[in-house]
Amino acid sequence: MDDGPLDMSGRFPNLSVTQRSLVRMDRKSALGFVLLSAILFGGSGVWGKALFRTDLTPVQVTGFRIIVAGLCVAIFASLRGAKSFHVTKPQFLFLAGFSVMFTLVQLSFFVAVALTSVAVALTLQYTAPAFVVLWEKLRHGRRIGSVRLLSMVAALAGCALIAQVGNAAYLNDNLAGILAGFACGLILAVYNVMGNEVPDRGISSGTAAFYSFGLSAVAWLVVLPVYAPDSGSLNAETIGQILLLGVAATFVPFVLLIVGLRHVAAFEATIMGMMDPVAGGLLAYAFLGEHLTPSQMIGMALVLVAVITLSSMPSLSQRPLSQERKAAILTSREQ
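From N to C terminus, the protein includes 13 helices and zero strands. Reading the protein from its N end, one meets helices and strands in the order α-α-α-α-α-α-α-α-α-α-α-α-α. Burial status across the protein gives 44% buried among its 335 residues. For the protein, contacts bridging at least 24 residues in sequence account for 86% of all contacts bridging at least 6. Counting every atom, the protein has about 17200 Å² of accessible surface; 67% of that belongs to carbon and sulfur.

Turning our attention to a nonpolar patch on the surface. Among the surface-exposed residues, Val222, Val223, Val226 and Tyr227 lie close enough to one another that they form a single nonpolar patch of about 400 Å² accessible area. Relative to the helices and strands, valine 223 resides in helix H8 (residues 205–223).

Evaluated as defined, the whole model comprises two salt bridges. Ionic pairing is found between lysine 49 and glutamate 290, a salt bridge with its closest N-O pair at 3.3 Å. On the criterion of sequence distance, the pair formed by lysine 49 in helix H1 (residues 17–52) and glutamate 290 in the loop between helix H11 (275–288) and helix H12 (294–312) is long-range, its members being 241 residues apart. The partner of glutamate 197 in a salt bridge is arginine 201, with the nearest N and O atoms 3.3 Å apart. Take glutamate 197: its relative accessible area is 25%, and that puts it in the partly exposed class.

Attention now goes to the packing of aromatic side chains. Counted by the stated rule, this structure contains eleven aromatic pairs. Their ring planes at 70 degrees and their centres at 5.7 Å tell us that phenylalanine 76 and phenylalanine 251 sit as a pair that is edge-to-face. Pair noted here: phenylalanine 76 is in helix H2 (residues 58–79) and phenylalanine 251 is in helix H9 (residues 236–260), with a separation of 175 residues, a long-range link. Residue classification places phenylalanine 76 among the partly exposed positions, given a relative accessible area of 32%. Ring geometry for phenylalanine 92 and tyrosine 211: centres 6.2 Å apart, planes at 80 degrees, overall edge-to-face.

Counting 53 residues, the largest nonpolar core has Val61, Leu95, Phe98, Phe109, Val118 and Tyr191 as its most contacted members. With ten residues, helix H3 (residues 89–115) is the largest single contributor of residues to this core. In this structure phenylalanine 98 touches Tyr191, Met194, Gly195, Val198, Ala208 and Ser212, once residues within four positions along its chain are discounted. The next biggest cluster of nonpolar side chains, apart from the first, holds twelve residues, and it includes Val120, Cys159, Tyr170 and Val307.

In this section: the environment of leucine 292. With respect to the element layout, leucine 292 can be found in the loop between H11 and H12. Given a relative accessible area of 22%, leucine 292 falls into the partly exposed group. In contact with leucine 292, not counting residues within four places along its chain, are Ser117, Ala119, Val120, Met297 and Met300.

Next up on the list: unusual backbone geometry. Its identity is not glycine, yet aspartate 55 carries a phi of approximately 80 degrees, on the positive side. Counting through the fold element by element, aspartate 55 comes out in the loop between H1 and H2. Given a relative accessible area of 63%, aspartate 55 falls into the exposed group.

This part takes up the side chain of threonine 123. Inspection of the secondary structure assignment puts threonine 123 in helix H4 (residues 118–125). Among the polar contacts made by the side chain of threonine 123, one reaches the main-chain carbonyl oxygen of alanine 119 at a distance of 2.8 Å. Not counting residues up to four positions away in its chain, the partners in contact with threonine 123 are Ile162, Pro277, Met300 and Val303.

Attention shifts here to H4. Judged by how many residues are buried, H4 sits mostly within the fold: eight of eight residues are covered. Within H4, burial applies to Val118, Ala119, Val120, Ala121, Leu122, Thr123, Leu124 and Gln125.

What follows covers the environment of valine 73. Residue position: valine 73 is located in helix H2. For the pair valine 73 and phenylalanine 254, spaced 181 residues apart in sequence, the C-alpha to C-alpha distance is 9.3 Å. Excluding residues within four positions of it along the chain, valine 73 makes contact with Phe210, Phe213, Phe251 and Phe254.

Calculation criteria
Residues numbered from 1 in each chain as written. Predicted model: local features only at pLDDT ≥ 70, side-chain atom pairs only at ≥ 80, totals over all residues. Heavy atoms only, no water. Helix = DSSP H or I, 4+ residues; strand = E, 2+ residues; numbered from the N terminus. Buried < 20%, exposed > 50% of the residue type's maximum accessible area, 1.4 Å probe, protein only. Contact = heavy atoms within 4.5 Å. Areas by Shrake-Rupley, 256 points an atom, 1.4 Å probe, with all protein chains shown as cover. Patch = residues over 30% accessible without salt bridge, like charges linked within 9 Å, V, L, I, M, F, W, Y side chains within 5 Å. Salt bridge = Lys/Arg side-chain N within 4 Å of Asp/Glu carboxyl O. Phe/Tyr/Trp six-rings, centres within 6.5 Å; stacked < 30°, edge-to-face > 60°. Core = buried A, V, L, I, M, F, W, Y, C linked by side-chain atoms within 4.5 Å. Polar contact = N/O pair within 3.5 Å; in protein donor to acceptor, adjacent residues only side chain to side chain.

Keep in mind these numbers describe shape, not what the thing actually does.
Structural data, given as C-alpha cells:
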C-alpha cells in the first residue's frame, strides 16, 4: 500500500480528506506497532540472560535465536508470495558482508548481556549513532557542528556514568561486559552505514532482511553443532524459551517495525526505539532482579537524549537526490 508522501508535519498533500483520516488512524496504530516492537526487542536481553542461567553460552543463544528467526523470515517471505530474491554477484557479496555484521551485532550484544546488566548492554548498544557521526566526519571531512559535538559529549558522559568509571570494584567486575557493549555499538554503526547503502546498490529492504537472516542462519547451522550444549541443558522449558526468543523477541518485533515504518517518520521511530533500554531495564528488574544506581539511570538518560538529538539531524553525507534517483530508490523498496 502506497500512502503517498509524508512530511514531518504529518500532512498528506496528495490524499483526499477521507484518505487522510484513514491514514492518520493507520499512523496511530503504526506508532503502537513501533513502540511494541521496541519493548519486545528490549525483552530479548532478558530472555537471553535467562537462558544463560541454564548454562547456555552467548554463542549458543545467538545461534539458536538467528536460526529460529531466520526460519520464521523464510516462511513469512514465502507466504507473502515474494517473487524473487535474485541478486547479482556484487550484490550477493555485499549482502554476505552485511549478514556478517548482522551476526556480530547479535553476538556482541549477548556477550555484553552475559557479562553485565541488560540495561547497560542495551544502552551501550545505542552509542552507534555517535560512531556513525565520527565515521561521516572522517569520510567526508565536514564540520560536526556544535549540536552534534555536544550530543556526543553527552553520550560519552552518559556512558562514563553507566560504566561507573569512578567505581573500581564495579569496573573490575563489569569491564569485559562494558567493552563488549561498546563493541556492539561500534559494529551496529558499521551495520547501519552498510544499511544506508542498500538502496544505492539496487537492493530492496525486504531482500536485505531476507539475506541478513538467511545467510546468518545457514552459517549457524554449520557452526552451532561444534558448540552444541549438553543434552541436559535442552529440556522442554529451555527449548520453549529459545523459541520465544527467536519468535516473540526477534521475528515478531521485526515484522511490527517493518509494518510501522510504512506510516511513521524515521524520527518518530527513533524516539519510540528509545524504549529498548528502558523496557529492557524494567523487565530485567522485574524478572531477573537487576538493579541500576541513580547515576547509571542519569547516564542512560544522557545517552538517550544524545541519540534522539543525533537521529533528528540530517546526515553529514546527506545530499539532494535527483528525481531519477528517488524513483529508483522507491522502486527498489516496493519490490
